[in-house]
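Each chain, written out:
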There are 4 protein chains.
Amino acid sequence: MSNRQHIIEQKFGHQPEIRCLDHGFVRLIDCMPGLLPAGEDTADYAIAEAARCSYQRGTRSVNDDKALIDYLICNDHSSPLEMVEFKFHIKLPIFVARQLLRHRTASLNELSGRYSELPEEYYVPEPGELRQQSKTNKQGSEPEPIANAAYVQQLLTEGAQAAFADYHKCLNSGLARELARIALPLSTYTELYWKIDLKNLLHLLDLRCDEHAQKEIRVYAQSLLELITPIVPYTIAAWQEHSIYRGGMKLSASEVDTLKHFLADPAGPVPALTHKSKSRQHQWQEKLKRLGK
Amino acid sequence: MSNRQHIIEQKFGHQPEIRCLDHGFVRLIDCMPGLLPAGEDTADYAIAEAARCSYQRGTRSVNDDKALIDYLICNDHSSPLEMVEFKFHIKLPIFVARQLLRHRTASLNELSGRYSELPEEYYVPEPGELRQQSKTNKQGSEPEPIANAAYVQQLLTEGAQAAFADYHKCLNSGLARELARIALPLSTYTELYWKIDLKNLLHLLDLRCDEHAQKEIRVYAQSLLELITPIVPYTIAAWQEHSIYRGGMKLSASEVDTLKHFLADPAGPVPALTHKSKSRQHQWQEKLKRLGK
Amino acid sequence: MSNRQHIIEQKFGHQPEIRCLDHGFVRLIDCMPGLLPAGEDTADYAIAEAARCSYQRGTRSVNDDKALIDYLICNDHSSPLEMVEFKFHIKLPIFVARQLLRHRTASLNELSGRYSELPEEYYVPEPGELRQQSKTNKQGSEPEPIANAAYVQQLLTEGAQAAFADYHKCLNSGLARELARIALPLSTYTELYWKIDLKNLLHLLDLRCDEHAQKEIRVYAQSLLELITPIVPYTIAAWQEHSIYRGGMKLSASEVDTLKHFLADPAGPVPALTHKSKSRQHQWQEKLKRLGK
Amino acid sequence: MSNRQHIIEQKFGHQPEIRCLDHGFVRLIDCMPGLLPAGEDTADYAIAEAARCSYQRGTRSVNDDKALIDYLICNDHSSPLEMVEFKFHIKLPIFVARQLLRHRTASLNELSGRYSELPEEYYVPEPGELRQQSKTNKQGSEPEPIANAAYVQQLLTEGAQAAFADYHKCLNSGLARELARIALPLSTYTELYWKIDLKNLLHLLDLRCDEHAQKEIRVYAQSLLELITPIVPYTIAAWQEHSIYRGGMKLSASEVDTLKHFLADPAGPVPALTHKSKSRQHQWQEKLKRLGK
């Protein structure tokens, strides 16, 4: 063994950081495996290596890591993906952190508002990001901003300023930090050291890069994806190919049935989906569109 | 509140047990929720109740639990499924237990071979279940038995008998139980108290009811499914509809693309899948067959 | 089997709820086991039952559940405690929820501020609870309130009112709920359905009933403890006896050594702890005090 | 950043491996962090770094990693320990693997007996390790071997040979590998890729280096400990100091009380423990012995 470069340095030339929103960032600070064996160019090898522990002597013919990883992801053999681990330093608004931390299979240490005075940093969306409430999706927003975005942006800015002014008044009155902080808005920035394995990270990216996720967490999920792609490119390619949240598509039993009927008589119209719920009908139309119908 | 029947008694009239293999069983011994509120007929309500905590005031219009559960499962909103919990008493061969325990998100207590002398019970497959090694799948078997099944059955029986005879000789020599047991075969029966939530159980059933799972664990998975179906019938129906291991189907990006090309010109032949791997080609043919092509 | 009462009804006569802080509550809504076998009076039996699966034939002599549970907890054999499960409905300020959710081995569904308009409810501490920053513990508070508590209470009240006024202005401008909510303070109430097993709950109570925990989460932890005590009284008694956060005490190697030297010559003074750190010296003095020195 | 040595190479000069039992081993194959920043000599820094994310500006005075780690471990602030991760390649008998895998918070890939023919390797204890059944502890053994150890060793050897002979006969008859393997003994060796964080590993070492653990898994636990000690020496030192399974000691409430009464009148005899159970009385005597009484 000899001196070799850490894969993060090798791929990025420096500790990579992506700025997110107005004051946040995602930094990739560590990765397992960190060093590559001779002849290896990416961390994907660690996944194939663990999978081959299961298959061992039996796998002499599967001599292509790329094909093996495609096979593993295609067939939900996800445990070898746990053998790759990433550690990030993330600065993000508390309301985004609350969404991130719903993914429980990760390790984390967070800046403590009991221990330290919190810096006056809070998220104020750009006017173009002050999105309208969606009319069709109760938990979503439209891409378009509201009419009086400038007014609302000022409202949010001044509200946060007032909250931080109160925070400092409380601290100056001798109030414990653990209590003074309760006045701060959910837009306040916090920081995390956050460690997660690749299997759980891909599941998070499935849900949080998706257009149904709130735009703000999507910005962070997209940054996580961008940082890991050069490290495990074959795995990401297989995920893009197979994940039903990326290039893949999931059909329900009724959709399979409807498609089968259509394929039996493709000259006719696409038969109606037997399932009557509005959201199911809508999803089926979306899938047909992707299939060119 | 008043005296009500436990849902297990209500559905089965007794503590339900399914016999598995030659000496095993699966018993459903507890379930959360155990009692049903007035007007409820199944434990599915607990899933809808938890989901409505998220949606609350916003969900007045979603007044149909069945539709809500279909929506949750269709869209991978799986956390409300964790609100239903099952406890089983299972007797199974050690090699099957080892497959079951790969699913780590469950609680368990197992019969200890350090503490107790293990009863002389071991699995011997019926001659019809002494399946041939699969020619096409390195980790599978053919449904057909081997030619000399009777001979092999006798071999397995006598081998296990000899191992248990040695076990008792070791114990009689004063050897600690923790050491004497190492002579016993992987076919020896063990017992578990095993508790798991519905989300993790459905994932297990996805993988272990599947035809790629070893037949012996499939017998147990099938029994688990049979026992929970009357308790959460709407959830099981939605799972049958959406799971890609049941009625649903997953298409990869290349398969979506290929299908799209075919739909653009359904008079022509189905175009070849761009992905060249043998297993991917095989899976695509299987999917086309299900679509009637 | 026949109609029996659910253990929650049997112990409390109704669905038990404890009010917490100014607008919160903890409700015990379900428990596994829910029904007690004939002759059993508490849910502790389910722990002993699972433990006996491990010990089986070997345990005929341990016919006392109470002693068995004491043994399990004394010796960190904690897995049988996972066989008891509790489900709660909790209403609590967001900053308290963030502390609760650090305990990752639990299931939860939370009120969604993306889906629903959040009700105008926020925590304002009583003047007597506006505690001073601790001088000795950077992350703690003194029991005494600050001098100008009335002024600070008004500040917090008016700040939260202003934030909710802005929230409604944002909503009225058509801003998506997912964005409008970022202006709300960390004192805003949220609601959870929250399910956890007894092993993980006791660990949470260790840390969150402790005097080093913030008073506000201690109020919730204390309520959780109060609700489960009648359900598993033997287990709670054993926990009170053995937990180093309750009646028990943990000694470090240097403390064991120091105590040993003292016991060799109890007429002399207690020798100094060899470990020099201030916090270790302080903890040792606290332990000596509990030992009457 | 520049080329630096991986911490494993730096500490061991090669990939470290410890032979265990007759055919097994533990290899440390990866570690996060892998590279040390300038000025750092051990991986402990990653724990302090994560902890300081929580304490940040507040912790300027705690400038000593060693003291900080002692503080974290002393006070059960265990989450920063999750930031260090180890990956091992382990070869071990199946009955030992079954004990190791009871620790569920780890990632693993195991040699598959469905996929590959298992090599003829099984554990046969040395005569000196054919320990007697303990008279006092139902689940333990005495250090002394049985009288007729040579005879029993031969029995175990010939039994395993016969089982493997049957295994090969089954395979030669065309029986699927997944079925043929059920004849093999629990002493058969298997292999794992196994990844775990330091927090969960220390908990495992607590339980599995302990004298109540079966000797065979203790050999593996001791090897794991030996391999990680040079990597995180400060953390191991703090664990040795504080763990009640190492240098520390846990006293129950009755023991605290009894000790207090004794310290009030050290000239008299040590008062009897109020708790009457035999195992508790025995444990108390052991603790008194450690305290020199």
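Report follows, based on the coordinates. All of these numbers come straight from a predicted model, not from anything done at the bench.

**Looking at the environment of Gly113 of chain D**
Residue and element names in this part refer to chain D.
Part 1 of the reasoning: The topology assignment puts Gly113 in the loop between β4 (107-110) and β5 (131-133).
Part 2 of the reasoning: According to the relative accessible area criterion, Gly113 is buried, its value standing at 6%.
Part 3 of the reasoning: Residues Gly113 and Gln5 lie 108 residues apart in sequence; the distance between their C-alpha atoms is 37 Å.
Part 4 of the reasoning: Those residues in contact with Gly113 that lie beyond four places of it in its chain are Leu118, Arg177, Glu178 and Arg181.

**Some points on the sheet that holds strand β3 (residues 85-93) of chain C**
All names here are of chain C.
Part 1 of the reasoning: One open sheet holds the 5 strands; their spatial order is β1-β2-β3-β7-β4, and the pairing between them is antiparallel. A single partner strand is all that each edge strand has here, and the edge strands are β1 (17-20) and β4 (107-110). Each strand axis lies, on average, 20° off the axis of its neighbour in the sheet, ignoring direction.
Part 2 of the reasoning: Here 4 bridges tie β1 to strand β2 (residues 24-32), and the two strands are oriented antiparallel to one another.

**Some details on the relation of the copies chain C and chain A**
Part 1 of the reasoning: With an RMSD of 0.0 Å, chain C superimposes on chain A once it is rotated by 180° and translated 0.0 Å along the axis. Such a combination of turn and shift is consistent with a two-fold rotation axis. Measuring from the rotation axis to each C-alpha of chain C, the shortest distance belongs to Pro185 of chain C, at 2.1 Å.

**What about the interface of chain D and chain A?**
When the parts of a complex come together, some accessible area is lost, and that lost area is often used as the size of the interface.
Part 1 of the reasoning: Listed by partner, the interface residues are 48 residues for chain D and 48 residues for chain A.
Part 2 of the reasoning: Buried area between chain D and chain A, summed over both chains or domains, comes out near 4100 Å², and the portion from carbon and sulfur atoms is 56%.
Part 3 of the reasoning: Together, Met32, Met83 and Asn109 of chain D form the three largest contributors to the area buried by chain D at its contact with chain A, with a combined 17%.
Part 4 of the reasoning: Our count for the chain D to chain A interface comes out at 2 salt bridges.
Part 5 of the reasoning: Of the charged contacts, one joins Glu85 of chain A and Lys195 of chain D as a salt bridge, the two residues approaching to 2.5 Å between their closest N and O atoms.
Part 6 of the reasoning: The tally of links from chain D across to chain A stands at 10 residue pairs in polar contact (both at pLDDT 80 or more).
Part 7 of the reasoning: When contributions to the side of chain D that touches chain A are tallied by element, the ones reaching two or more residues are β2 (24-32), α2 (45-55), β3 (85-93), β4 and β7 (189-197) of chain D.

**Some words on the environment of Gln10 of chain D**
Residues and elements named next belong to chain D.
Part 1 of the reasoning: Mapped onto the elements, Gln10 comes out in helix α1 (residues 7-12).
Part 2 of the reasoning: A relative accessible area of 34% places Gln10 in the partly exposed class.
Part 3 of the reasoning: Separated by 244 residues in the primary sequence, Gln10 and Ser254 place their C-alpha atoms 49 Å from one another.
Part 4 of the reasoning: Other than its neighbours up to four places away in sequence, Gln10 contacts Gln5, Leu36 and Asp41.

Calculation rules
- Residues numbered from 1 in each chain as written.
- Chains lettered and ligands numbered in written order.
- Predicted model: local features only at pLDDT ≥ 70, side-chain atom pairs only at ≥ 80, totals over all residues.
- Heavy atoms only, no water.
- Helix = DSSP H or I, 4+ residues; strand = E, 2+ residues; numbered from the N terminus.
- Buried < 20%, exposed > 50% of the residue type's maximum accessible area, 1.4 Å probe, protein only.
- Contact = heavy atoms within 4.5 Å.
- Pairing = 2+ DSSP bridges.
- Axes fitted to C-alpha atoms, helices over the stretch in contact; angles between N-to-C directions.
- Least-squares fit on C-alpha atoms with pLDDT ≥ 70 in both.
- Buried area = accessible area lost by both parts, 1.4 Å probe.
- Salt bridge = Lys/Arg side-chain N within 4 Å of Asp/Glu carboxyl O.
- Polar contact = N/O pair within 3.5 Å; in protein donor to acceptor, adjacent residues only side chain to side chain.

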